[in-house]
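Reading the structure
Residues per chain are reported as follows:
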Amino acid sequence: TLARGPSLARTGPVAATTGPVAGRSMLQVSIQGVGAAAPPSRVTNGDLETVVDTSDAWISKRTGIRSRHLLGPEEHVSALATDAAAAALADAGCDPLDVELVIVATSSPDDLFGDAAFVASQVGASRAVAFDLTAACSGFLFALVTASQFVHTGAFNTALVVGADALSRWVDWDDRNTCVLFGDGAGAVVVRKAGGEGSPGVLGFAMRSDGGGRCDLNLAYSGTERGLSDTAGSVSQGAYRPIAMNGKEVYKFACSRVPEVLEEALANAGMEASQVDHLLLHQANIRIIEGVASRLGISMDKVIANLDEYGNTSAASIPLALAAAVKEGKVKPGDVIACAGFGAGLSWGAAIVAGGEAFQGRGPGGGLASARRSVGSSPTGGDSLGCA
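Model, not experiment: these values are computed from the prediction. (Residues numbered from 1 in each chain as written. Predicted model: local features only at pLDDT ≥ 70, side-chain atom pairs only at ≥ 80, totals over all residues. Heavy atoms only, no water.)

Points about the pattern of salt bridges
- Using the criterion set out here, one finds 7 salt bridges in the structure.
- Between Glu-249 and Lys-252 there is a salt bridge, with its nearest N and O atoms 3.2 Å apart. A residue pair is termed a helical-turn pair when its members lie 3 or 4 positions apart in one helix, as Glu-249 and Lys-252 do in helix α7 (residues 247–269) at 3 residues.
- Judged by relative accessible area, Lys-252 falls into the partly exposed class, the value being 45%.
- Lys-330 is the salt-bridge partner of Glu-328, the closest N and O atoms lying 3.3 Å from each other. By the burial criterion, Glu-328 is exposed, and Lys-330 matches it. (Salt bridge = Lys/Arg side-chain N within 4 Å of Asp/Glu carboxyl O. Helix = DSSP H or I, 4+ residues; strand = E, 2+ residues; numbered from the N terminus. Buried < 20%, exposed > 50% of the residue type's maximum accessible area, 1.4 Å probe, protein only.)

Considerations on the pairing of strand β8 (residues 184–193)
- The buried count for β8 comes to 9 of 10 residues, which makes it a mostly enclosed element.
- Looking at chain direction, strand β2 (residues 29–37) and β8 are connected through 8 bridges and run antiparallel. By the bridge assignment for β8, Ala-36 is matched with Gly-187.
- By the bridge criterion, 9 bridges tie strand β7 (residues 158–166) to β8 in an arrangement that is antiparallel. Opposite Ala-159, over in β8, you have Val-191 as the bridge partner. (Pairing = 2+ DSSP bridges.)

Focus: the confidence of the model for the chain
- When the pLDDT values of the chain are averaged, the result is 89; 86% of them are 70 or greater.
- Between residues 363–384, whose pLDDT stays under 50, and residues either more than four places distant or in other chains, the model counts 65 contacts. (pLDDT = per-residue confidence, 0-100. Contact = heavy atoms within 4.5 Å.)

Some words on unusual backbone geometry
- Residue Leu-346 follows Gly-345 across a cis peptide bond; omega there is -5°.
- Checked against the element boundaries, Leu-346 lands in the loop between β16 (336–343) and β17 (347–354).
- Positive phi values are uncommon outside glycine, yet Met-26 reaches one of about 50°.
- When its relative accessible area of 36% is taken as the criterion, Met-26 is described as partly exposed.
- The phi torsion at Ala-136 lies on the positive side, around 50°, for a residue other than glycine.
- Inspection of the secondary structure puts Ala-136 in the loop between β6 (129–133) and α5 (139–153).

Looking at the sheet that holds strand β14 (residues 278–281)
- If you walk across this open sheet you meet the 6 strands as β1-β9-β17-β16-β14-β15, and the pairing is mixed. Each end of this open sheet is capped by a strand with a single partner; those strands are β1 (25–27) and β15 (303–304).
- Relative to β17, β16 runs antiparallel, the two being bridged by 8 bridges. Bridge pairing links Val-336 to Ala-354 in β17.
- Set on the sheet, α5 makes contact with β1, β9 (202–209), β16 and β17; between it and β17 the angle comes to about 55°. (Axes fitted to C-alpha atoms, helices over the stretch in contact; angles between N-to-C directions.)

In structure tokens, the structure reads:
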């Protein structure tokens, strides 16, 4: 059992939002392409009534979720990430050889050593440096800020940011309180240097974490002892427990800390909540989304949400919802979106994003046009890691 440590997530304010913090605003980047992918297998709440003691009414009332998409036994999260990344590149009209940085935010890679380099190779970004970033449901937000910093400073001109997770692999399918929440998916954006005196794409951001709350949401290591010899002793053979979550504590944490970090990001952007066009939160629970919107004074008609269809897709949830909103014409060029991710760690963060070319919804290259593409057993036709 993971021990509870001293936690800021349940105590007083983390930071005062008195004004912009140097280095955390006006990043000269442009989001120029969006893409998404989800498994073709769609599982409704009614379907789950045959798995655990639950009902559509019980799930939808408490979470807002009505269905989720799940990977099959021979399908791979790296394939989802590849499909989403390829769609974002097509949407941006970006040559993969121009991509210099690929970050895959995931907590459930096919390869524990990381999927990013493989995804980069699959989309043809052979000149890019690639690495995974693990921050659970905050992962995409943290990865977007990380990539934007690299582009803003001039270290790279073009970055590909992917959020992809398959937490269906890691839930306890006998636990009705957690198995109904999660779905699988991927989303991606292309981040480029803003040309000339172009408007900044990331107006302000803030990121926080608190390891004292790890016991409330975790996917903990649980190895078994393996004896080697009398002289060599024994080691631990690797394995993990299913996801463990204290729903009540996570709900309290999210409703408290997410509005604060959004206000901090808004302060760094020099803006008020009333000035944003859309609110896009990690798609965890409709009650959390409604509570955060209410606290910020943002009406629900400005909220971007698709958890009713996809459930909680962890690091994929923000770009997956963004891709749908762009495809449907809800988000347009010039719109300002207040985004926030939150989850295990505990971790939470926000970014105020100004719409670039990605928000034009140009058609089949991006958005959700690729979201229901079939995911094969391996992107390359090889074994489970795509090796020949």
